[in-house]
Structure formats: C-alpha cells, structure tokens
Amino acid sequence: MGKLINRRKFLELSALSAGAVFLAPRALSAPTTSGVLLGVDVLSALGFRHLKGKRIGLLTNPAGVNRYGRSTIDVLRGARNVRLVALFGPEHGIYGNEKADVPVTDKIDPRTRLPVYSLYGKYRKPTPAMLNRIDAMVVDLQDIGSRSYTYVSCMIRAMEACFENGKEIIVLDRPNPLGGLKVDGPGLDREFKSYVGMLQVPYVHGLTIAELACMAKNTKGSLDISASVQKAGKLTVIPMRGWKRSMTWPYTRLRWVPPSPAISTYAAAMGYAMTGLGAQIGGFQHGYGTEYPFRLLTFSGKSPAQVIEALRRYNIKGISFRQTTARKLKGGEVSGAYVVVDDWNALRPTELSFYMMKAACIFAGGNVFRDVPASKESLFNKHTGSGKWWRELQAKGAAANAGAFVDSWAASALAFQKRTLKFRLY
C-alpha cells in the first residue's frame with residue numbers, strides 16, 4: 001500500500017506543481033461497465049461539487065459523453081446543483097454535423113434553448129462578451145492522439161481567454177485512443193505553430209487532453225498571453241479512474257463515438273496517425289469518403305497490387321497490407337491497399353506517411369513536391385511541423401532519406417517523454 005499511496009501523492013503534487021487543481025477520485029466505487037471512469041463520470045460521482053454556485057459554459061461535441069453514452073450536455077443539465085448557461089462548439093459544431101474546415105455560426109440550440117457560441121467561425125477564441133455569461137468553462141472534448149487535430153487548439157484558445165478574463169477552466173479528462181505510451185513523429189517547429197497544431201509536441205504525443213492542458217499552462221511560450229496571466233490562471237483537471245497508459249481504445253471497453261465525421265471508428269483514428277500526412281500532397285488517397293477512412297491507400301493509375309508492392313519494399317515494422325474493396329459513402333466502390341496493424345508496439349505510426357511521399361515520387365516519375373503552390377506548402381508544413389523534412393523532400397524527392405528523419409524523431413520523442421513525465425496524471 002505504501003507504494004500506491006506514494007504514487008497518488010506524486011500525481012497530486014505533480015498536478016499542483018503544474019498549476020492545476022488535481023481532483024483524485026480515491027473514494028469512488030468501481031465502475032459497473034467499462035473499467036474506465038471518464039472525467040465526466042468522476043465529476044458526477046463527486047456530486048458536481050466543483051461546479052456548485054457557478055454559471056457554467058460547456059465546450060463539447062457529440063463525443064463528449066459519459067461511460068454510458070449520455071451526452072455531457074444532458075449530464076450537466078440534469079444535475080440539480082449545476083447551472084449550465086451556455087454551450088461552446090469546436091470545429092464541426094456541438095452536434096458534429098458541420099463540414100471540416102467550414103466556419104460555424106453562433107446560434108440558439110433548438111434542443112436546450114441555450115446559446116451556442118462557435119469557436120470555429122468568426123472567432124477562434126472566446127470573447128469577453130461570451131465569457132461574461134459564465135464563471136467557469138468546462139471542457140469535454142475527445143482528442144485522437146495526433147497533433148494536427150483542432151480540438152486541442154480549441155481548448156488552448158479557451159484557456160487563454162479564460163485566464164485573461166479571470167474565469168476558471170475545468171478540463172474533464174478522456175482517454176488518448178492511441179494509448180499513453182506511443183510517442184512518434186516530427187515535432188512542431190515554432191514557425192509552423194497554427195490552429196492545426198498549437199503545442200510543440202511530437203505528431204503522436206502520447207498524452208491525454210488534460211495532460212496537454214497541464215503542459216500548456218506550465219510551458220513558457222505555449223500560450224499567447226503574458227507570463228503573469230498564464231501563471232495566475234486557474235486550471236482544474238478532473239482525471240479519469242481506471243485508465244492506464246498501456247490502454248489503446250479497445251482496452252477501455254468504451255463505445256466509440258466519432259469525435260468528427262471522418263474519424264468514424266477507432267480504426268480511422270489509428271489510421272489518421274499513419275496516413276494523414278502521407279496523403280496531404282503527392283497523389284496518394286487514404287480512403288477519406290469510404291468506409292475505411294485513413295486506412296485504404298490508392299494512387300491514380302496504380303493498382304492495389306502495385307501500391308502494396310511499392311510500400312512493402314520499405315519494410316515498415318508493425319504493419320502489412322491487403323487488397324480490399326470499400327464502399328464509397330456517396331455510392332460506388334473503390335479498391336485499394338488496406339493498412340493492417342500487426343504489431344502496435346513495434347510500429348512507429350507516422351513512418352508510413354513519409355515512405356508514401358517517396359513512393360509518390362516514384363509513381364509520378366518525378367519529384368511531385370518540387371513545384372507546389374505556396375498555400376499547399378504552408379498547410380503541409382503546418383500539419384507535418386518539420387521544415388527540415390520539407391527541404392529534404394523538395395531537394396531529393398524519392399531519394400529523400402526518410403529513415404534518418406524517422407530515427408531522429410524517435411530520439412526526440414524519447415526526450416519529450418522524459419520532459420513531460422511531470423505532467424502525467426496516470
């Protein structure tokens with residue numbers, strides 16, 4: 001017992017030193033379904049006492065549910081001592097029915113009659129007028145474990161606004177679908193910091209959304225506010241219970257609720273880390289718009305067998321390919337190379353993307369990255385985060401030394417893990 005008590009004490013002290021109020025759910029009973037209590041479940045089990053007497057705004061979307069699948073919106077609305085007065089929506093809106101990269105407008109929610117403030121429209125950061133309605137903002141967003149996904153950026157902008165306006169921000173933690181041990185891929189060069197990726201973390205970062213919040217609050221330069229405001233800001237983290245870093249999503253036994261339209265399954269979330277960068281430019285498609293998003297690789301003019309043969313030559317550990325046919329969501333079928341994960345522990349998820357870029361040059365018969373419009377180059381680098389890789393790719397095309405970059409990023413990922421141990425909550 002002594003070791004367990006010390007570990008708990010360490011977690012509490014780590015979170016407090018990280019500028020967060022850590023709410024250790026030690027007195028909670030064991031869950032009856034999944035072995036994981038989400039942050040919202042812990043909040044409920046603690047009687048919502050941390051929201052009592054406060055006007056609450058909630059930043060969430062359809063994946064913001066408790067372990068039984070009930071919307072966090074309804075959980076808070078149904079709590080007798082919670083006064084929910086406003087909703088805030090990220091990209092895709094609070095109901096997840098808005099298209100990617102399309103501005104969303106403010107509105108009155110027809111179901112709850114609450115005002116919905118869009119943080120992916122005219123404003124990306126809550127305004128003082130929005131925040132005047134609330135005393136604290138609760139965040140319940142499901143991240144997917146890859147840096148180029150806007151929900152963490154949405155939370156960061158909300159943190160900045162809350163700190164600047166003297167409002168508390170309360171982050172309800174949720175699992176990283178890729179687990180908490182896998183860290184991989186290029187870091188983010190400061191020059192490419194954007195809403196696509198605001199935190200300087202490896203592409204696959206291995207942290208939960210609450211851990212990212214703790215890191216952001218206590219890392220110089222991570223928030224675009226003054227150091228004194230950042231230090232004084234009040235961040236409260238409500239952690240999960242029962243989640244372990246070794247758990248990828250299937251081991252949580254939680255039902256998958258798509259955090260955005262294209263991430264329809266856990267397989268898609270895993271695929272996003274593997275193929276999302278490789279299909280940015282160059283000619284590869286990764287199954288977007290099919291029943292296998294981010295897992296089905298195709299290249300115009302090349303058969304599935306040719307795609308498989310080309311990618312097998314790179315001997316990427318942990319994956320294999322099989323030819324399959326998928327339904328298109330708008331009708332019809334497409335055949336391609338499905339990416340099979342054989343050994344998640346051996347796999348460096350982003351590695352495939354960089355070999356896809358080399359293969360694209362071979363398939364195209366020349367360097368398809370050499371004459372790229374500035375706008376596409378900029379977006380590519382914002383997603384990838386590495387200017388050095390772009391220069392290598394432009395200069396050498398198919399001869400680019402992806403292996404050397406992958407190895408160097410692996411070393412950087414290990415250093416990142418060591419640096420961020422103090423922000424781990426589990």
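Criteria and cut-off values
Residues numbered from 1 in each chain as written. Predicted model: local features only at pLDDT ≥ 70, side-chain atom pairs only at ≥ 80, totals over all residues. Heavy atoms only, no water. Helix = DSSP H or I, 4+ residues; strand = E, 2+ residues; numbered from the N terminus. Rg over C-alpha atoms; globule rule 2.2 N^0.38 Å. Buried < 20%, exposed > 50% of the residue type's maximum accessible area, 1.4 Å probe, protein only. Contact = heavy atoms within 4.5 Å. Areas by Shrake-Rupley, 256 points an atom, 1.4 Å probe, with all protein chains shown as cover. Lys, Arg positive; Asp, Glu negative; His and termini not counted. Charge placed at Lys NZ, Arg CZ, Asp CG, Glu CD. Pairing = 2+ DSSP bridges. Axes fitted to C-alpha atoms, helices over the stretch in contact; angles between N-to-C directions. Core = buried A, V, L, I, M, F, W, Y, C linked by side-chain atoms within 4.5 Å. Salt bridge = Lys/Arg side-chain N within 4 Å of Asp/Glu carboxyl O. Phe/Tyr/Trp six-rings, centres within 6.5 Å; stacked < 30°, edge-to-face > 60°. Lys NZ or Arg CZ within 6 Å of the ring centre and 35° of its normal. pLDDT = per-residue confidence, 0-100. 1 Å grid on protein atoms, 1.4 Å probe; cavity = no way out; pocket = protein on both sides within 12 Å on 5 of 7 lines; lining within 4 Å. Points joined across faces, edges and corners; volume = space filled by probe spheres on them. Nonpolar A, V, L, I, M, F, W, Y, C, P; charged D, E, K, R; others polar. Parallel < 35°, antiparallel > 145°, perpendicular 65-115°, else oblique. Left-handed = near helix turned anticlockwise from the far one by under 90°.

A. Inspection of the overall build of the protein chain at higher detail. On a plain count of helices and strands, the protein chain comes out with 14 helices and 12 strands. The globule rule puts the C-alpha radius of gyration for 426 residues at 22 Å, and the 22 Å found for the protein chain is close to it. Dimensions of the protein chain along its principal axes, counting C-alpha atoms only, are 65 × 50 × 45 Å. Each of the 426 residues in the protein chain was classed as buried or not, and the buried ones make up 59%. In the protein chain, once contacts between residues fewer than 6 apart in sequence are set aside, the share between residues at least 24 apart is 72%. Accessible surface, the protein chain: about 17800 Å² in total, of which carbon and sulfur atoms supply 52%. Taken together, the 59 basic and 30 acidic charged side chains of the protein chain have centroids lying 6 Å from each other.

B. Quick peek at the sheet that holds strand β9 (residues 284–285). Judged by pairing direction, the sheet is antiparallel, and its 4 strands sit side by side in the order β9-β10-β12-β11 without closing on themselves. Among the strands making up the open sheet, the edge pair consists of β9 and β11 (319–327). Seen against the sheet, helix α9 (residues 266–275) touches β10 (296–299), β11 and β12 (333–341) and runs at an angle of roughly 85° to β12.

C. Expanded view of the environment of Pro175. Examined against the element boundaries, Pro175 turns out to sit in the loop between β7 (168–172) and α6 (209–217). Overall, Pro175 belongs to the buried group, its relative accessible area being 3%. Taking the C-alpha atoms as reference points, Pro175 and Ala395, separated by 220 residues in sequence, lie 40 Å from one another. If we ignore the near neighbours within four places in the chain, the residues touching Pro175 are Leu38, Gln142, Asp143, Met240, Trp243, Trp249, Thr252 and Leu254.

D. Expanded view of the nonpolar core. Among the nonpolar cores identified, the biggest contains 130 residues, and Leu297, Leu352 and Trp389 are the most heavily contacted of them. Tallying contributions element by element places helix α5 (residues 150–164) first for this core, with 10 residues.

E. Fine view of the pattern of salt bridges. Enumeration according to the criterion identifies 16 salt bridges in this entry. A salt bridge links Asp74 to Arg111; the nearest nitrogen and oxygen atoms lie 2.9 Å apart. Of the two residues, Asp74 sits in helix α3 (residues 72–77) while Arg111 sits in the loop between β4 (107–108) and β5 (115–118), which places them 37 residues apart along the sequence. What makes Arg111 partly exposed here is its relative accessible area of 41%. Asp224 is paired through a salt bridge with Lys193; the nearest N and O atoms lie 3.4 Å apart. In this pair, Asp224 is assigned in the loop between α6 and α7 (227–232) and Lys193 in the loop between β7 and α6, connecting sequence segments 31 residues apart. Here the salt bridges do not stand alone but share partners, grouping Arg157, Glu160, Lys193 and Asp224 into one network.

F. Quick peek at the pairing of β10. Where burial is concerned, the two faces of β10 agree: the one with Leu296 and Thr298 and the one with Leu297 and Phe299 are both buried. By the bridge criterion, 2 bridges tie β9 to β10 in an arrangement that is antiparallel. The residue bridging Phe284 from the neighbouring strand is Phe299, located in β10. Judged from the 2 bridges that link them, β10 and β12 form a sheet pairing that is antiparallel. Its bridge partner lying in β12, Leu297 is registered against Ala337.

G. Region of the structure containing the packing of aromatic side chains. Within this structure, the stated rule accounts for 22 aromatic pairs. Taking 5.2 Å as the distance between ring centres and 85° as the angle between the ring planes, the aromatic pair formed by Phe354 and Trp389 counts as edge-to-face. Of this pair, Phe354 sits in helix α11 (residues 351–364) while Trp389 is found in helix α13 (residues 387–396), placing the two residues 35 residues apart along the sequence. One aromatic cluster is present, built from ring pairs that chain together Tyr149, Tyr151, Tyr272, Tyr288 and Phe294. Over the aromatic face of Tyr195 sits the side chain of Arg124, whose NZ or CZ is 4.5 Å from the ring centroid.

H. Highlighting the confidence of the model for the protein chain. Scored by pLDDT, the protein chain has a mean of 92; 92% of the residues are at 70 or more. Below a pLDDT of 50 lies the segment residues 1–32, which in the model reaches 54 contacts outside its immediate sequence neighbourhood of four places, other chains included.

I. Region of the structure containing unusual backbone geometry. Despite not being glycine, Phe294 has its phi angle at roughly 70°, a positive value. Inspection of the secondary structure assignment puts Phe294 in the loop between β9 and β10. A positive phi angle is found at Asn315, which is not glycine, with a value near 50°. Tracing the chain through its elements places Asn315 in the loop between α10 (304–312) and β11. Accessibility expressed as a relative area gives 64% for Asn315, which makes it exposed.

J. Spotlight on α6. Burial within α6 is extensive, with 9 of its 9 residues counted as buried. Of the positions making up α6, those classed as buried are Ile209, Ala210, Glu211, Leu212, Ala213, Cys214, Met215, Ala216 and Lys217.

K. Quick look at empty space enclosed by the protein. The final tally for this structure, using the stated rule, is 2 cavities of 30 Å³ or more. By volume, the largest cavity amounts to about 80 Å³. If you trace the largest cavity, you find 13 residues lining it, with Arg147, Val152, Leu199, Val201 and His205 closest to the centre. For the lining of the largest cavity, the residue count by class is 7 nonpolar, 4 polar and 2 charged. Of the volumes computed, that of the second largest cavity is approximately 30 Å³. If you go around the second largest cavity, the residues you meet are Leu141, Gln142, Asp143, Ile144, Gly145, Arg174, Pro175, Asn176, Pro177, Leu207 and Ile209. When the residues that make up the lining of the second largest cavity are grouped by side-chain class, the tally is 6 nonpolar, 3 polar and 2 charged.

L. Summary view of the packing of α11 against helix α14 (residues 402–419). Interaxial distance between α11 and α14 falls to 10 Å at its minimum, and their mutual angle equals 160°. With respect to α14, the axis of α11 lies roughly antiparallel. In the crossing of α11 with α14, the sense of the turn from one axis to the other is right-handed. Taking contact as the criterion, the partners of Glu351, Phe354, Tyr355 and Lys358 in α11 are, on α14, Ala402, Gly403, Val406 and Trp409. Of the residues contributing to the contact of α11 with α14, the split by class is 5 nonpolar, 1 polar and 2 charged.

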